[in-house]
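# Working through the structure, step by step
Single-letter residue listing:
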Amino acid sequence: MVTKLPKVPVVVVGMGWAGGIVSAELTKAGISVVGLERGKDRTTADYAMGHDELRYQHRQELMQDLSKETITYRNTVSGKALPMRHYGTFIVGDGVGGAGSHWNGQTYRFLPYDFEIRTKTIERYGIEKIPAWMEGLNDWGITYDEMEPYYDTFEKMAGISGETVELWGKRTNPYPTPPLVKTQLMKEFEKAATSFGYKPFVIPAANLSESYTNPDGISRGACQYCAYCENFGCEYGAKGDPAVTVIPVAKQTGKLDLRTHSNVLELTKSGGKADGVIYVDMLTGEKFEQPADVVVVASYVFNNSRLLLNSGIGTPYDPKTGKGTIGKNYCYQVTAGGSQLFFEDREFNLYGGAGALGIEIAEYMGDNFDHAEVDFLHGAGIRSTQYGDRPIAVNRVPAGTPAWGAEFKEKSIKYANSNFPVKTQGASLPHKENYLDLDPEFKDEFGYPLLRMTYEYTDNDRAMGKYMSAITRKFAEEIGADIIDTNEVQAPFNVNKDGNTHNTGGVIMGTDPEKSALNTYLQMWEAENVFVLGASAFPHNSCFNPTGTLGALSYRAAEGIQKYLKEGGLLVKA
């Protein structure tokens, strides 16, 4: 039995960054919003005494329970997909704040090149530079200059700490707070980078460098460099988190009806539009239908595609024909090419740090260097980070050391504070056979098909990783490490081992309804009252963490929803 509730103007599915931003902006404008979140509500009080590595990092208390809902995974279209039962490649948040509560806080803007990647690549190198398997590589339908005001709004709301980088797009304003401090590790990287003529910068961070009050009147304290960011909530509120920024603002308006433990199962539809959603109360098992004028799908990347596919909204992508859009252009992140440094007589106090504490260069990002003689597109940031090494999770030892036993213990202790990485974070560009669809066999506890991921690293990824490995090796040798382990080869993708957490695509934006699911307000071409927010809208993933761009697009979508409520219809002509 499903209980039908009174109709509301807007229902939002998922209360992370995207859902929180839209809820805050709409309720401030006087629009009533129902926010549905499958997990529980959270405030900073929930994170007090939260430095429990077993509880949060290894038993993953803030994450989705994979025994109840997961994805299935395979490397190729001809393989059999099996359910992911252990977190590795990514971690999916559960509860108010979502991934925005347990993230590290690195907050970038994408490059001007990213938003016009196809046009700019062809202009500089010719159409032949784009391989046939990368046919899904397209412009986003919006330029960096058009995105800039939304980036500025997000950074002011979250209080991003950072410094202006010359090789990125122009800024209207400086970052609202200064960059985080430079540790000795970062100074070593800076010295080497400067010697090569590069211009290193401190990574922009949602970990506040100083106390800050944002334009909504939300005040937060400065980061304590305690090292418990990724997988953890911040008890100081120093880390930008929807639960301590935008969601309290929405609550204060009295216009947000936040319903926690409410798991949305599907969207209902009629006449080419969505009527609302059906959700289940996870505490009582009761099912409800919530009608709405506008449905905002703002859950995690995978669940956005899954909800649309399970609801029959939008045309599923077919890798054989290239037709359809839902599930298209799933992209990840490329991290091959890094070097791990070990020292015999130097220490760096690695137990301290912050989730976004690090230093980087921009010279190998995007199209900032000539790609005429290389066999890949885009690039990577070369960086060193100091997140803070926790005692159970981190045991770095030189290559060739046994993975257990007396020698492993001895070297784990010896190098605990005598190592650091020179890493890469590279772009992931679309391959026609990397996509998301519904699994034909496996279902969740409510009988709905699980999402199936088909993904493997591409020739572009492997060539870029090898190229970047020479750069990180050069850094390591200049710094003067006693032992240098360089990873030159991109191994096959393994959903249980690969450690980056950035997933994008599946419900992508663009200008052509035949090639994209959304317009630049993240409004669906095929269902005009459905807005799909999050990194699922990215046509490709750049060499940056996605949250800054996700936040900026959410502010633009909030504008679009207000306009749609007044005028109706598609907000952008195809």
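These remarks concern the structure in this document. Just so it is clear, the structure is predicted and the values come from calculations on it, not from any experiment. (Residues numbered from 1 in each chain as written. Predicted model: local features only at pLDDT ≥ 70, side-chain atom pairs only at ≥ 80, totals over all residues. Heavy atoms only, no water.)

### Topic: the pattern of salt bridges
All chains considered together, the criterion is met by 27 salt bridges. The partner of Glu190 in a salt bridge is Lys182, and the shortest N-O contact between them spans 2.6 Å. A relative accessible area of 23% means that Glu190 is categorised as partly exposed. You can call Lys182 partly exposed: its relative accessible area is 36%. The partner of Asp437 in a salt bridge is Arg452, with the nearest N and O atoms 2.7 Å apart. Residue Asp437 is located in strand 18 (residues 435-443), and its partner Arg452 is located in strand 19 (residues 449-454); the two are separated by 15 residues in the primary sequence. Here the salt bridges share partners, and the residues they tie into one network are Arg38, Glu69, Arg306 and Asp444. (Salt bridge = Lys/Arg side-chain N within 4 Å of Asp/Glu carboxyl O. Buried < 20%, exposed > 50% of the residue type's maximum accessible area, 1.4 Å probe, protein only. Helix = DSSP H or I, 4+ residues; strand = E, 2+ residues; numbered from the N terminus.)

### Some thoughts on the environment of Asp444
Within the fold, Asp444 resides in the loop between strand 18 and strand 19. You can call Asp444 buried: its relative accessible area is 10%. Setting aside residues up to four positions removed in sequence, Asp444 forms contacts with Lys68, Arg306 and Leu450. For Asp444, the side chain forms a polar contact with the side chain of Arg306, separated by 2.7 Å. (Contact = heavy atoms within 4.5 Å. Polar contact = N/O pair within 3.5 Å; in protein donor to acceptor, adjacent residues only side chain to side chain.)

### Details of the sheet that holds strand 20 (residues 483-486)
Strand pairing in a sheet takes place through backbone hydrogen bonds and is either antiparallel or parallel in direction. The strand order 6-15-16-17-14-20 describes an open sheet built from six strands, whose pairing is antiparallel. The sheet is open, and its two borders are formed by strand 6 (201-202) and strand 20, each paired with just one other strand. Of the pairings in the sheet, the one linking strand 14 (residues 339-342) to strand 17 (residues 419-426) comprises four bridges and is antiparallel in character. Bridging across to strand 17, Leu341 finds its partner in Phe420. Contacts from helix 7 (residues 184-195) reach strand 6, strand 15 (358-361), strand 16 (380-385) and strand 17 within the one sheet, and its direction differs from that of strand 15 by about 15°. Packed on one face of the sheet, helix 11 (residues 459-479) meets strand 14, strand 15, strand 16, strand 17 and strand 20 and runs near 150° to strand 17. (Pairing = 2+ DSSP bridges. Axes fitted to C-alpha atoms, helices over the stretch in contact; angles between N-to-C directions.)

### Side note on the state of the cysteines
In the structure shown here, the tally under the stated rule is zero disulfides. With no disulfide of its own, Cys226 lies closest to Cys229 among cysteine sulfurs, the gap being 5.8 Å. We classify Cys226 as partly exposed; its relative accessible area is 23%. Between Cys543, a free cysteine, and Cys331, which holds the nearest cysteine sulfur, the sulfur-to-sulfur gap is 13 Å. Judged by relative accessible area, Cys543 falls into the buried class, the value being 0%. (Disulfide = S-S within 2.5 Å.)

### A word on the environment of Lys566
Structurally, the position occupied by Lys566 is in helix 12 (residues 547-567). C-alpha separation for the pair Lys566 and Thr27, spaced 539 residues apart in sequence, amounts to 15 Å.

### A closer look at the pairing of strand 17
Burial analysis of strand 17 places seven of its eight residues in the buried class, which makes it a mostly covered element. Across four bridges, the pairing between strand 16 and strand 17 is antiparallel. The partner of Arg383 across the bridge, within strand 17, is Lys423.

### Focus on helix 5 (residues 117-125)
Every buried residue belonging to helix 5 is among Ile117, Thr121 and Tyr125, and all of these are buried. Seen along its axis, helix 5 keeps its buried residues to an arc of 25°; they face one direction. With its phi angle positive at about 95°, Gly126 sits one or two positions after the end of helix 5. (Arc of directions from axis to C-beta.)

### A word on the sheet that holds strand 18
Strand order in this open sheet of four strands is 5-4-19-18, and the pairing throughout is mixed. Every interior strand has two partners, whereas the edge strands, strand 5 (82-83) and strand 18, have only one. Sheet topology note: the strand 4 (residues 71-74)/strand 5 ladder contains two bridges and is antiparallel. Note that in strand 5 the partner of Tyr73 across the bridge is Leu82. Along the sheet, helix 9 (residues 301-311) contacts strand 4, strand 18 and strand 19; its crossing angle with strand 19, the most-contacted strand, is approximately 125°.

### Some remarks on unusual backbone geometry
Phi angles above zero are rare outside glycine, and Ala227 is one such case at about 85°. In this structure, Ala227 sits in the loop between strand 8 (219-220) and helix 8 (246-252). With a relative accessible area of 2%, Ala227 lands in the buried category. Despite not being glycine, Asn231 has its phi angle at roughly 85°, a positive value. Looking at the element boundaries, Asn231 is found in the loop between strand 8 and helix 8.

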